[in-house]
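Take a look at the letters that make up each chain.
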Amino acid sequence: MGERGVQRDTSTYNALISVMKAAGKWKLALKLLRRMRSEGVPPDTITFSAAMAACARGGEWRSALLLMGSMRQAGGRPHT
């Protein structure tokens, strides 16, 4: 991303993860979330929600539940 002049921030990653969700690419959504965190870009509730939805769409409920725990550890709260 950075090599092409695209700013690496939470909004950019949220958009990418949402696209992966829509495309049914839950593994790529999780890969982007890991990359985001390794680059020091802070995920927010939208990030986690999109990643969880990607997992749910792919039938990966266990991964979605693990992400909920990660979101809580990061200080986020699920919307109810």
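Residues numbered from 1 in each chain as written. Predicted model: local features only at pLDDT ≥ 70, side-chain atom pairs only at ≥ 80, totals over all residues. Heavy atoms only, no water.

A. Broad picture of helix α4 (residues 61-73). Over its 13 residues, α4 runs 19 Å from end to end, which matches the ideal 18 Å to within 8%, given 1.5 Å per residue. Along α4, the residues that are buried comprise Ser63, Ala64, Leu67, Ser70 and Met71. One side of α4 holds all its buried residues, which, seen down the axis, span an arc of 115 degrees. Facing away from the buried side of α4, by more than 90 degrees, are the exposed residues Trp61, Arg62, Leu65, Leu66, Arg72 and Gln73. Where the residues of α4 are buried, they touch α2 (26-38) and α3 (45-57). (Helix = DSSP H or I, 4+ residues; strand = E, 2+ residues; numbered from the N terminus. Expected span 1.5 Å × (residues − 1). Buried < 20%, exposed > 50% of the residue type's maximum accessible area, 1.4 Å probe, protein only. Arc of directions from axis to C-beta. Contact = heavy atoms within 4.5 Å.)

B. Region of interest: the nonpolar core. One finds Ile17, Leu33, Phe48, Met52, Cys55 and Leu67 to be the most contacted residues of the largest nonpolar core, which totals 19 residues. For this core, the secondary-structure elements that each account for two or more residues are α1 (10-22), α2, α3 and α4. Those residues in contact with Cys55 that sit more than four places away from it in its chain are Trp26, Leu30, Glu60, Ser63, Ala64 and Leu67. (Core = buried A, V, L, I, M, F, W, Y, C linked by side-chain atoms within 4.5 Å.)

C. Geometry of the pattern of salt bridges. In total, this model carries two salt bridges according to the counting rule given. In this structure, Glu39 engages Arg8 in a salt bridge whose closest nitrogen and oxygen atoms are separated by 2.9 Å. With Glu39 in the loop between α2 and α3 and Arg8 in the segment before α1, this pair connects stretches of sequence that are 31 residues apart. We classify Arg8 as partly exposed; its relative accessible area is 33%. One salt bridge in this structure joins Arg35 and Glu39, with 3.2 Å as the shortest N-O distance. Accessibility expressed as a relative area gives 34% for Arg35, which makes it partly exposed. (Salt bridge = Lys/Arg side-chain N within 4 Å of Asp/Glu carboxyl O.)

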